[in-house]
Amino acid sequence: MRLSPSLLLLALVGCTQFPELDAARTPGVETMPFPALLPLDGLLEGPEPRATPEMRAGIEGRVAGLRARAARLQGPVVPAGDRARMAQGIAWPY
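Residues numbered from 1 in each chain as written. Predicted model: local features only at pLDDT ≥ 70, side-chain atom pairs only at ≥ 80, totals over all residues. Heavy atoms only, no water.

S.K.: An account of the overall build of the chain is requested, with residue identities and associated values reported.
M.R.: Helices and strands together make up the secondary structure of the chain, namely 4 helices and 0 strands. In the chain, the succession of helices and strands from N to C terminus is α-α-α-α. Taking 12 Å as the expected radius of gyration for a compact globule of 94 residues, we find that the chain reaches 28 Å, considerably beyond that expectation. About 9900 Å² of surface is accessible on the chain, with carbon and sulfur atoms providing 65% of the total. Within the chain, one finds 10 positive and 9 negative side-chain charges whose respective centroids are separated by 17 Å. (Helix = DSSP H or I, 4+ residues; strand = E, 2+ residues; numbered from the N terminus. Rg over C-alpha atoms; globule rule 2.2 N^0.38 Å. Areas by Shrake-Rupley, 256 points an atom, 1.4 Å probe, with all protein chains shown as cover. Lys, Arg positive; Asp, Glu negative; His and termini not counted. Charge placed at Lys NZ, Arg CZ, Asp CG, Glu CD.)

Right under this line is the structure:
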């Protein structure tokens with residue numbers, strides 16, 4: 001008996017409509033050649049990437065924006081007045 005709900009759920013998931021992925025492709029992509037495969041050793045050799053001052057300024061700007069956004073999210077989700085009203089509950093009509 002425990003198997004029946006699982007099968008029902010699996011059957012419902014199988015009926016899901018998927019988006020048209022072909023419409024999302026860039027025109028002409030099917031005629032493009034595959035990218036060349038490179039050996040991993042050649043990719044790992046060479047100088048390590050360095051951050052430039054321009055990159056640092058951009059990253060610090062994003063960090064400041066994210067910290068400001070996090071600070072705005074630190075407040076209570078439900079204002080105190082609404083929380084007090086919700087704590088009183090509801091009166092049933094009967």
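Following the structure, the description resumes.
S.K.: Break down the environment of alanine 64 for me, citing the residues and quoting the values.
M.R.: Here alanine 64 shows up in helix H3 (residues 53–72). Through-space distance from the C-alpha of alanine 64 to that of proline 76 is 22 Å; in sequence the pair is 12 residues apart.

S.K.: Tell me about a nonpolar patch on the surface, and please be specific about residues and values.
M.R.: A cluster of nonpolar residues, Leu38, Leu40, Leu43 and Leu44, forms a patch on the protein surface that exposes about 470 Å² of accessible area. Tracing the backbone through its elements, the reader meets leucine 38 in the loop between helix H1 (3–14) and helix H2 (40–44). (Patch = residues over 30% accessible without salt bridge, like charges linked within 9 Å, V, L, I, M, F, W, Y side chains within 5 Å. Salt bridge = Lys/Arg side-chain N within 4 Å of Asp/Glu carboxyl O.)

S.K.: Requested: an account of the pattern of salt bridges, with residues and values cited.
M.R.: Opposite charge on two side chains lets them pair, provided their charged atoms get close. Applying the stated criterion across every chain yields a total of 2 salt bridges. As a salt-bridge pair, arginine 56 and glutamate 60 come within 3.0 Å of each other at their nearest N and O atoms. Taken as a pair, arginine 56 and glutamate 60 lie in helix H3 at a separation of 4 residues, close to a single helical turn. A salt bridge links arginine 85 to aspartate 82; its shortest N-O distance comes to 3.8 Å. With arginine 85 and aspartate 82 both in helix H4 (residues 80–88) and 3 residues apart, the pair spans about one turn of that helix.

S.K.: Report on H4, specifying residues and quantitative values.
M.R.: Judged by how many residues are buried, H4 sits mostly at the surface: 0 of 9 residues are covered. Of the residues trailing H4, glycine 89 is marked for its positive phi of about 85°. (Buried < 20%, exposed > 50% of the residue type's maximum accessible area, 1.4 Å probe, protein only.)

S.K.: Could you give an account of the confidence of the model for the chain, naming the residues involved and the relevant values?
M.R.: Looking at the chain as a whole, the pLDDT averages 83, with 90% of positions reaching at least 70. Predicted confidence in the chain is weakest over H1, with a mean pLDDT of 73, and strongest over H3, with 92. (pLDDT = per-residue confidence, 0-100.)

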